[in-house]
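Structural description and commentary
If you want the building blocks of each chain, they are given just below.
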Amino acid sequence: MVVLSQPVALDNPISVIPTYTPVPVFTSQPIPVVDLTDPEAKTLIVKACEEFGFFKVVNHGVRDDLMTRLEQEAIRFFALPQSLKNQAGPPEPYGYGSKRIGPNGDVGWIEYILLNANPQLSTPNTSDVFGQTPQIFREAVDEYMHELKEVSCKVLEMVTEGLGIEPRDTLSKMVRDEKSDSCLRLNHYPTAEEEAENMVKVGFGEHTDPQIISVLRSNDTAGLQICMKDGSWVAVPPDHSSFFINVGDALQVMTNGRFKSVKHRVLADTRRSRVSMIYFGGPPLSEKIAPLSCLVPKQDDWLYKEFTWSQYKSSAYKSKLGDYRLGLFEKQPILTHMSNE
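In this report, the structure presented in the accompanying data block is examined. Given the structure is predicted, the values throughout are model-derived calculations rather than measurements. (Residues numbered from 1 in each chain as written. Predicted model: local features only at pLDDT ≥ 70, side-chain atom pairs only at ≥ 80, totals over all residues. Heavy atoms only, no water.)

**As for the overall build of the protein**
Within the protein one finds eight helices and 16 strands. Across the 341 residues in the protein, those meeting the buried criterion constitute 53%. For the protein, the share of sequence-separated contacts (at least 6 apart) that also reach a separation of at least 24 residues comes to 76%. (Helix = DSSP H or I, 4+ residues; strand = E, 2+ residues; numbered from the N terminus. Buried < 20%, exposed > 50% of the residue type's maximum accessible area, 1.4 Å probe, protein only. Contact = heavy atoms within 4.5 Å.)

Here it is, written out as structure tokens:
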């Protein structure tokens, strides 16, 4: 495990970070665990996506030393003087950010780096991120994103097999596409001060991920929680050697709601900092997103309108963090009226 040797302050002028009144969080609910080498993995993944929209994967094939190296390099960046980090921001949307999450007023006890997975789409901010760090950081980022793309595609191909979809790369080809709009987010949640009356400071407010699939890895600091179908929250025990998979909004649409994009949040810890690394597997901007015809042959049975990933991404960027983004793209039921004549 890697920890910061000195606490890091977030020198952003925002002074008010949202807090939650503590509510019962159930930890007894088991998080599904899938061994990717298990012959039944495809069946277990489909079940987890239907019931939770979230699961943990082990035996994923990514080397521990690669995960640790990227975490170490991210920590070195976050430990830089604030003036140097600010040179890589503000995020638009890529680059370095502190406290502000998106352009619409959402804030949290967090600093982060957001990097595009397509090297052809480098921005001045991402260049500044790498300009403040040694070459080993860029090498670790590139190798990690390559490995996480493979994990994402392996999981998506198991999904198609489990659902009986042909061809096998129906979903994964969107992430493998050279124009795939995927990205990597490195989050740092510094140790939070004690709040009055046992209030808990928000690191990252509740939200869903808009892409097809998200693959998360963190250090051994707790804080991640997912929302169950009944509205209760479940704490996710951290495991630095495993990955956690989220169903994204786009996959919910393509399965016509059979899979649910899971709402999740992160609460800041008052004893230890948390570092997480999330790979978001997204389709090309021009990709049309709609329920898959092999799952829903009749368009009258579609729960969602067809849209391009560019349209949805733009809409999501204009929304608040906790908004139900898919609501704008749901098909309204057709009402039939009986004639009185």
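**What about empty space enclosed by the protein?**
In this approach a probe as big as a water molecule rolls over the atoms, and the regions it shows empty are the leftover space. Counting across every chain of the model gives one cavity of 30 Å³ or more. Within this model, the largest cavity holds a volume of roughly 40 Å³. If you go around the largest cavity, the residues you meet are I45, C49, F55, V155, L156, V159, I213, I245, V247 and L251. Of all elements in the fold, only helix 1 (41-51), helix 5 (135-163) and strand 12 (243-247) reach the threshold of two or more residues within the lining of the largest cavity. Among the elements that make up the lining of the largest cavity, the one with the highest residue count is helix 5 (three residues). Each residue belonging to the lining of the largest cavity can be placed in one class, and the counts come to ten nonpolar, no polar and no charged. (1 Å grid on protein atoms, 1.4 Å probe; cavity = no way out; pocket = protein on both sides within 12 Å on 5 of 7 lines; lining within 4 Å. Points joined across faces, edges and corners; volume = space filled by probe spheres on them. Nonpolar A, V, L, I, M, F, W, Y, C, P; charged D, E, K, R; others polar.)

**Describing the pairing of strand 6 (residues 107-116)**
In terms of burial, strand 6 is largely enclosed, as ten of its ten residues are buried. Both faces of strand 6 are covered, namely the face carrying V107, W109, E111, I113 and L115 and the face carrying G108, I110, Y112, L114 and N116. Two strands pair when backbone bridges link them, and strand 5 (residues 95-100) and strand 6 are joined in this way by five bridges, in the antiparallel orientation. Bridged to Y96 within strand 6 is I113. Hairpin remark: strand 5 followed by strand 6, antiparallel, with six residues in the connecting loop; positive phi at G102, about 80 degrees. (Pairing = 2+ DSSP bridges.)

**Observations regarding helix 2 (residues 64-78)**
Because an α-helix packs 3.6 residues into every turn, residues spaced three or four apart end up facing the same way. Between its first and last C-alpha atoms helix 2 spans 21 Å; for 15 residues at 1.5 Å apiece the expected length is 21 Å, and the two agree. For helix 2, the set of buried residues is L66, M67, R69, L70, E71, E73, A74, I75, F77 and F78. (Expected span 1.5 Å × (residues − 1).)

**Here's the deal with the packing of helix 2 against helix 5**
Interhelical geometry of helix 2 versus helix 5 gives an angle of 135 degrees and a closest axis separation of 9 Å. On the basis of the axis angle, helix 2 is oblique to helix 5. For the crossing formed where helix 2 meets helix 5, the hand is left-handed. Only I136, F137, E139, A140, V141, E143, Y144 and E147 of helix 5 make contact with helix 2, whose side of the interface consists of L66, M67, R69, L70, E73 and A74. Counted by class, the contact of helix 2 with helix 5 contains nine nonpolar, no polar and five charged residues. (Axes fitted to C-alpha atoms, helices over the stretch in contact; angles between N-to-C directions. Parallel < 35°, antiparallel > 145°, perpendicular 65-115°, else oblique. Left-handed = near helix turned anticlockwise from the far one by under 90°.)

**Quick word on the nonpolar core**
One recurring pattern in soluble globular proteins: nonpolar side chains tend to sit buried together. Residues I45, F55, L70, Y144, L186 and I212 are the most contacted members of the largest nonpolar core, which totals 63 residues. No other element matches helix 5, which puts 13 residues into this core. Those residues in contact with F55 that lie beyond four places of it in its chain are I31, P32, V34, I45, A48, C49, V155, F243, F244 and I245. Ranked by size, the runner-up nonpolar core spans 23 residues in total, among them I31, M228, V262 and I278. (Core = buried A, V, L, I, M, F, W, Y, C linked by side-chain atoms within 4.5 Å.)

**Details of the sheet that holds strand 14 (residues 274-281)**
Strands belonging to one sheet form pairs held by backbone hydrogen bonds; the direction of such a pair is parallel or antiparallel. If you trace the eight strands from one edge of the open sheet to the other, you get 3-4-12-9-14-7-6-5, paired in mixed fashion. Strands with a single pairing partner mark the edges of an open sheet, and in this sheet they are strand 3 (33-35) and strand 5. Looking at each pair of strands side by side, their axes are set apart by 25 degrees on average, direction ignored. Pairing of strand 9 (residues 213-218) with strand 14 involves six bridges; the strand directions are antiparallel. Bridge pairing in strand 14 places S218 opposite S276.

**A word on the side chain of N116**
For N116, the position within the fold is in strand 6. At 3.1 Å, the side chain of N116 and the side chain of Y94 are in polar contact. Within polar-contact distance, the side chain of N116 engages the backbone nitrogen of N118 at 2.7 Å. (Polar contact = N/O pair within 3.5 Å; in protein donor to acceptor, adjacent residues only side chain to side chain.)

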